[in-house]
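Each chain, written out:
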Amino acid sequence: MNLPTLGALEFTVLLSVARHADDAYGAALRRDVSARADRDYSIGAIYATLQRLEDKGFVRSRLSDPTPVRGGRARRCFSLTSAGRTALQEGARRREHLLKDLSLVWRLP
């Protein structure tokens, strides 16, 4: 299977969607990704990344029920697809492989 590759932010956002399960919406994902990356990402960067992931078939979105906290507005919630799970596994495998290569470089005289 030839999956599209994931950039670093795409991988991190996809991982955050997987972690949040049923509560994966933009603001929560932004807080999680920014905290874990120790970098303040804009909500626009997160939503643009989520759109790319949805275009690739790695996440799907739905509107939640309206909430009183949001003045009766619904949230756009995201969930991982089976292709998204596969992309996460492949991304992790590739990163692990790169880190092994890095440890070889560090051992060189």
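Residues numbered from 1 in each chain as written. Predicted model: local features only at pLDDT ≥ 70, side-chain atom pairs only at ≥ 80, totals over all residues. Heavy atoms only, no water.

1. Some details on the packing of aromatic side chains
- Applying the stated criterion to the full structure yields 1 aromatic pair.
- Between Tyr47 and Phe78, the aromatic rings sit 6.3 Å apart at their centres with planes inclined by 55°, giving tilted as the arrangement. Of this pair, Tyr47 sits in helix H3 (residues 43–55) while Phe78 is found in strand S2 (residues 76–80), placing the two residues 31 residues apart along the sequence.
- According to the relative accessible area criterion, Tyr47 is partly exposed, its value standing at 31%.
- Sitting over the ring of Tyr25, Arg75 keeps its end group 3.8 Å from the ring centre.
- Between Arg95 and the ring centre of Phe11, over which it is positioned, the NZ or CZ distance is 4.1 Å. (Phe/Tyr/Trp six-rings, centres within 6.5 Å; stacked < 30°, edge-to-face > 60°. Helix = DSSP H or I, 4+ residues; strand = E, 2+ residues; numbered from the N terminus. Buried < 20%, exposed > 50% of the residue type's maximum accessible area, 1.4 Å probe, protein only. Lys NZ or Arg CZ within 6 Å of the ring centre and 35° of its normal.)

2. Regarding unusual backbone geometry
- Not every positive phi belongs to a glycine, and Asp38 is a case in point at roughly 55°.
- Mapped onto the elements, Asp38 comes out in the loop between helix H2 (26–37) and H3.

3. As for the nonpolar core
- If you look at the biggest cluster of nonpolar residues, it comprises 19 residues, and the most contacted ones within it are Val13, Leu14 and Val17.
- Elements represented by at least two residues in this core include exactly helix H1 (8–20), H2, H3, S2 and helix H4 (82–107).
- If you tally residues by element for this core, the top one is H1, at 5 residues.
- In this view, Val17 contacts Ala24, Leu29, Leu50, Val59, Phe78, Ser79 and Leu80; residues no more than four positions away in its chain are not counted. (Core = buried A, V, L, I, M, F, W, Y, C linked by side-chain atoms within 4.5 Å. Contact = heavy atoms within 4.5 Å.)

This is a description of form; function is not addressed.
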